[in-house]
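Okay, here's what each chain looks like letter by letter:
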Amino acid sequence: MAEMMIESPDEVVAFLKAQHNLIEDMFDEVLHASDPQAREEPFVKLRQLLAVHETAEEMIVHPRVRREADAGDAIVDDRLTEEHQAKELLSQIEQLDIASQEFVDEITKLRDAVLDHARQEESEEFPVLSRKLDDDDLKRMGTAVRAAEAIAPTRPHPGVESAKLNFAVGPFASMLDRARDLIGQAFG
């Protein structure tokens, strides 16, 4: 996972926007792979980044938006619904034959949903943070997001979309996911 971490910028909004751009590029890499088997490695990296990225937003960003925005609950509830749907779809995609047309169709659907979700965050949540927080707070949140990503599960866990559930279930799920990832790498 370390190779997928974005080292800069330091403040949370710019960091997450850079990750949104990286996620878009990674979807393109999966969808434009030279052959179906070449999809596997970029798909695994994409799945991992999506999982840690969403977990960090659920733990750090969404709770802050709830507190800072007048309509924070409504904004965050909409994003959590989108995140749950994306996790469900990603879990289903993991079960598909990576060489199948169904995989391509479903990953295309996921790409559209994830990019729309990112646009919603960038237009509804990120401006709240930029407006309400000073530079030091934004940098502290960036540090917190990186820390959350470092310990986050690497696979989707539909139903674990709240900060409380991520703090309660996340470390155990992360340990299992990371062990599963290592075993998968060892045995191909």
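Conventions adopted
- Residues numbered from 1 in each chain as written.
- Predicted model: local features only at pLDDT ≥ 70, side-chain atom pairs only at ≥ 80, totals over all residues.
- Heavy atoms only, no water.
- Helix = DSSP H or I, 4+ residues; strand = E, 2+ residues; numbered from the N terminus.
- Buried < 20%, exposed > 50% of the residue type's maximum accessible area, 1.4 Å probe, protein only.
- Contact = heavy atoms within 4.5 Å.
- Axes fitted to C-alpha atoms, helices over the stretch in contact; angles between N-to-C directions.
- Parallel < 35°, antiparallel > 145°, perpendicular 65-115°, else oblique.
- Left-handed = near helix turned anticlockwise from the far one by under 90°.
- Nonpolar A, V, L, I, M, F, W, Y, C, P; charged D, E, K, R; others polar.
- Core = buried A, V, L, I, M, F, W, Y, C linked by side-chain atoms within 4.5 Å.
- pLDDT = per-residue confidence, 0-100.
- Expected span 1.5 Å × (residues − 1).

Trainee: Account for the environment of Val30, naming residues and giving values.
Mentor: Structurally, Val30 is set in helix 1 (residues 12–31). Looking at Val30, the relative accessible area reads 0%, which means it is buried. For the pair formed by Val30 and Thr108, sequence separation is 78 residues and the distance between their alpha carbons is 9.7 Å. Aside from chain neighbours lying at most four places away, what touches Val30 is Arg39, Pro42, Phe43, Leu46, Phe103 and Ile107.

Trainee: Residue-level account of the packing of helix 2 (residues 40–68) against helix 4 (residues 101–132), with values.
Mentor: Close contact between helix 2 and helix 4 brings their axes to 11 Å; oriented N to C, the two are set at 30°. In terms of their interaxial angle, helix 2 and helix 4 are classed as roughly parallel. Note that helix 2 runs across helix 4; the crossing there is left-handed. Where helix 2 approaches helix 4, its residues Phe43, Leu50, His53, Glu54, Glu57, Val61, His62, Arg64, Val65 and Glu68 are matched on the opposing element by Phe103, Ile107, Leu110, Val114, His117, Glu121, Glu125, Phe126, Val128, Leu129 and Lys132. The residue makeup of the contact of helix 2 with helix 4, split by class, is eleven nonpolar, three polar and seven charged.

Trainee: Explain the nonpolar core to me, and be specific about the residues and the numbers.
Mentor: If you look at the biggest cluster of nonpolar residues, it comprises 21 residues, and the most contacted ones within it are Val12, Leu16, Val61, Val65, Leu129, Met141 and Val145. Looking at this core, the element that brings in the most residues is helix 2, giving five residues. Non-local contacts of Val145, meaning those with residues more than four positions away in its chain, are made with Val12, Phe15, Leu16, Ala56, Ile60 and Val61. Membership of the second largest hydrophobic core comes to 19 residues, among which are Val30, Phe43, Leu49 and Ile98.

Trainee: So, the confidence of the model for the chain: which residues are in play, and what are the values?
Mentor: When the pLDDT values of the chain are averaged, the result is 86; 79% of them are 70 or greater. Averaged over each element, pLDDT in the chain is lowest for helix 6 (residues 163–187) (55) and highest for helix 4 (97). Confidence drops under a pLDDT of 50 for residues 1–7, and excluding neighbours within four residues, the segment shows 20 contacts in the predicted structure.

Trainee: Outline the environment of Ala33, supporting the account with residue identities and numerical values.
Mentor: In this fold, Ala33 is placed in the loop between helix 1 and helix 2. Discounting residues that sit within four places of it in the chain, Ala33 has contacts with Ala38 and Arg39.

Trainee: Give me the lowdown on helix 3 (residues 72–94), citing residues and values where you can.
Mentor: With 23 residues, helix 3 should reach 33 Å at 1.5 Å per residue; the first-to-last C-alpha distance of 32 Å fits that figure. Within helix 3 the residues assigned to the buried category are Gly72, Ile75, Val76, Arg79, Leu80, Glu83, Ala86, Lys87, Leu89, Leu90, Ser91 and Ile93.

Trainee: So what about the packing of helix 2 against helix 5 (residues 135–151)? Which residues, and what values?
Mentor: The contact between helix 2 and helix 5 brings their axes to 8 Å, and the two run at 145°. Remark: the crossing between helix 2 and helix 5 carries right-handed chirality. Mapping the contact onto sequence places Val52, His53, Ala56, Met59, Ile60, Val61 and Arg64 in helix 2 and Asp137, Met141, Ala144, Val145, Ala148 and Glu149 in helix 5. Taken together, the residues that form the contact of helix 2 with helix 5 break down as nine nonpolar, one polar and three charged.

Trainee: Quick one: what's the story with the environment of Ile98, residue by residue and with numbers?
Mentor: Relative to the assigned elements, Ile98 resides in the loop between helix 3 and helix 4. Judged by its relative accessible area of 13%, Ile98 falls in the buried class. Along the backbone, Ile98 and Arg39 are 59 residues apart, and their C-alpha atoms lie at a distance of 7.1 Å.

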